[in-house]
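# Coordinate inspection notes
Now for the letters of each chain:
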Amino acid sequence: MAGGDALDLAPVVRNFLDLGDAGGDAIAAMLADAQDRKAARAGWPKGKPDADAPLAGYVLGMIFEKNSTRTRVSFDIGMRQLGGSALILDSGTSQLGRGESIADTARVLSRMVDAIMIRTDDHAKAEELAHHASVPVINGLTDRSHPCQIVADLLTMVEHGKALPGLELAWLGDGNNVLHSILEAAGIFKFNVRVGVPKGYEPEMEFVELARNGGSQVTITHDAEEAARGADIIVTDTWVSMGQDHAHNKIAAMAPFQVGGKLMTLAKPDAKFLHCLPAHVGDEVTEEVFESSQSVVFDEAENRIHAQKSILLWSLGLLGG
Ligand code: CP
Ligand code: NVA
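Here's a quick rundown of the structure. (Residues numbered from 1 in each chain as written. Chains lettered and ligands numbered in written order. Predicted model: local features only at pLDDT ≥ 70, side-chain atom pairs only at ≥ 80, totals over all residues. Heavy atoms only, no water.)

## Some remarks on the sheet that holds strand 1 (residues 59-64)
Across the sheet, which stays open at both edges, the four strands sit in the order 2-1-3-4 with parallel pairing between neighbours. In this open sheet, the two edge strands, each paired with only one partner strand, are strand 2 (85-90) and strand 4 (137-139). On average, each strand axis in the sheet is inclined to that of its neighbour by 20 degrees, with strand direction left out of account. Here strand 1 runs beside strand 3 (residues 115-119); their pairing, made up of five bridges, is parallel. Each bridged residue has a counterpart across the sheet, and for Leu-60 the counterpart in strand 3 is Ala-115. (Pairing = 2+ DSSP bridges. Helix = DSSP H or I, 4+ residues; strand = E, 2+ residues; numbered from the N terminus. Axes fitted to C-alpha atoms, helices over the stretch in contact; angles between N-to-C directions.)

## So, the layout of surface pockets
Size it by volume and the largest pocket reaches roughly 530 Å³. Lining of the largest pocket is provided by 31 residues; of these, Leu-141, Asn-177, Thr-238, Ser-241 and Met-242 occupy positions nearest its centre. For the lining of the largest pocket, a count of residues per class yields six nonpolar, 15 polar and ten charged. (1 Å grid on protein atoms, 1.4 Å probe; cavity = no way out; pocket = protein on both sides within 12 Å on 5 of 7 lines; lining within 4 Å. Points joined across faces, edges and corners; volume = space filled by probe spheres on them. Nonpolar A, V, L, I, M, F, W, Y, C, P; charged D, E, K, R; others polar.)

## Quick look at the nonpolar core
The biggest cluster of nonpolar side chains holds 56 residues, and the ones touching the most others in it are Phe-16, Leu-154, Leu-169, Ile-182, Phe-191 and Val-193. Counting residues in hydrophobic clusters, the runner-up holds 20 residues, among them Ala-227, Ala-228, Val-259 and Ala-301. (Core = buried A, V, L, I, M, F, W, Y, C linked by side-chain atoms within 4.5 Å. Buried < 20%, exposed > 50% of the residue type's maximum accessible area, 1.4 Å probe, protein only.)

## Structural notes on the environment of Pro-203
Turning to its location among the elements, Pro-203 is positioned in the loop between strand 6 (192-196) and helix 7 (205-213). Residue Pro-203 is classed as buried on the basis of its relative accessible area of 4%. Each C-alpha atom of the pair Pro-203 and Asp-52 lies 41 Å from the other, and the pair is 151 residues apart in sequence. The contact partners of Pro-203, leaving out residues within four places of it in the chain, are Gly-175, Leu-179, His-180, Leu-183, Val-195, Val-208 and Ile-220. (Contact = heavy atoms within 4.5 Å.)

## A look at the site of ligand 2
Around ligand 2, the neighbouring residues are Leu-141, Asn-176, Asn-177, Asp-237, Thr-238, Ser-241, Met-242, Cys-276 and Leu-277. At a separation of 3.3 Å, a nitrogen atom of ligand 2 approaches a polar side-chain atom of Asn-176. Ser-241 places a polar side-chain atom, nitrogen or oxygen, 2.7 Å from a nitrogen atom of ligand 2. For ligand 2, whose unbound accessible area comes to 270 Å², protein coverage reaches 95%. The cavity that encloses ligand 2 is the largest pocket. Residues of the shell around ligand 2, tallied by class, amount to four nonpolar, four polar and one charged. (Near = heavy atom within 4 Å. Polar contact = N/O pair within 3.5 Å; in protein donor to acceptor, adjacent residues only side chain to side chain. Areas by Shrake-Rupley, 256 points an atom, 1.4 Å probe, with all protein chains shown as cover. Sits in = over half its atoms within 2 Å of the grid points.)

## Topic: the site of ligand 1
As a matter of local geometry, ligand 1 sits amid Ser-68, Thr-69, Arg-70, Thr-71, Arg-119, His-146, Gln-149, Cys-276, Leu-277 and Arg-304. Within the backbone of Thr-69, one N or O atom sits 2.7 Å away from an oxygen atom of ligand 1. Between ligand 1 and Arg-70 there is a distance of 2.8 Å, counted from an oxygen atom to a backbone nitrogen or oxygen. Out of a free accessible area of 260 Å², ligand 1 has 96% covered by protein chains. Among the residues making up the shell around ligand 1, the classes are represented as two nonpolar, five polar and three charged.

## A short note on unusual backbone geometry
Excluding glycine, residues mostly carry a negative phi; peptide bonds, for their part, are mostly trans. Across the junction of Leu-277 and Pro-278, the peptide omega takes the value 5 degrees, indicating a cis bond. Relative to the helices and strands, Pro-278 resides in the loop between strand 9 (272-275) and helix 11 (287-290). Positive phi outside glycine occurs at Ala-53, with the angle close to 35 degrees. When you line up the elements, Ala-53 lands in the loop between helix 1 (23-40) and strand 1. With relative accessibility at 23%, the residue Ala-53 sits in the partly exposed group.

## Let's talk about the environment of Lys-262
Secondary-structure assignment places Lys-262 in helix 10 (residues 261-266). For the pair Lys-262 and Ala-228, spaced 34 residues apart in sequence, the C-alpha separation works out to 9.7 Å. In this structure the side chain of Lys-262 is engaged in a polar contact, spanning 2.7 Å, whose partner is the side chain of Glu-225.

## Side note on the pattern of salt bridges
Scanning the model with the defined rule gives 20 salt bridges in all. Counted as one network, the salt bridges with shared partners bring together Asp-33, Arg-37, Arg-41, Asp-50, Asp-52 and Lys-309. (Salt bridge = Lys/Arg side-chain N within 4 Å of Asp/Glu carboxyl O.)

## Overview of the environment of Ala-103
Mapped onto the fold, Ala-103 is located in helix 3 (residues 102-112). On the accessibility criterion, Ala-103 (11% relative accessible area) is buried.

## Some thoughts on the packing of helix 3 against helix 4 (residues 123-132)
In contact at an axis separation of 8 Å, helix 3 and helix 4 are set at 45 degrees when each is read in the N-to-C sense. Considering the angle they form, helix 3 stands oblique to helix 4. For the crossing formed where helix 3 meets helix 4, the hand is right-handed. From helix 3, Ile-102, Ala-103, Ala-106 and Arg-107 reach across to helix 4, where they touch Lys-125, Glu-128, Leu-129 and His-132. By residue class, the composition of the contact of helix 3 with helix 4 is four nonpolar, one polar and three charged. (Parallel < 35°, antiparallel > 145°, perpendicular 65-115°, else oblique. Left-handed = near helix turned anticlockwise from the far one by under 90°.)

Here you go:
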């Protein structure tokens, strides 16, 4: 090795457990890269690698302890488009499901793959995995947060002509993991969030404070119409997240927060409707709104691929400084 310092060759390891791990400059770089890559491959077959194939030879290991359609397929196709590949370990067929420790799993996978994505229940498991891994760990959803989803959501808002600073976003429904990451994004990009939730289902105050400390105005209201009035973006999610009980009292409490035609008319005329999916049409959103021209949920779903490619590149030190 000619005059080289071995440390110069050490791979970059950037975990993406929450949006704050990357910060505003890196997420802005991700959004720009995602738009460029998406435009450059318009009309191509979905699995054809991008012209530069920046992750040729790289492998992503994906751990799933919960169900997934979008996260699973978008990471797999995203890796193919970057020139690499992905494999899946699910709890039913891997030793993780039989009690092998997170620490040992992290150390073994770090010898075999170049990055790890984990979807699990307890956020502490993702943190423990990152602690013991020597390759980047990406949060593909925990009970606490869903940062990859929100990079795709930001991309979708920007693509639909919304400037993030000062934007008014209304959240209707459960104060859950997706809302937590929206609040984190609000603090980073200085947009405002009107959270319309039933009493007892508010988001964790830690995320509200994170948003406010970043300069976002956050209003928590128990009045759905107050939340929706004047909004640029209306967002909802399932009333019952994975791992939660389908409790009848929760469903009853959520009913006034269903996104329907009347709520949409209170928002700005050019407001867009977002939902991370899977949707329960007839519960958190009416069919009328879900199928309307204001609904951009399938752009949002596609953008999981484009957003995650940029997250992967950032995590591996190939984007954003
Ligand atoms: N939105 C989202 O994360 O979808 P999946 O649960 O299908 O991955
Ligand atoms: N809040 C939902 C999001 C699914 C993508 C859940 O955790 O089940």
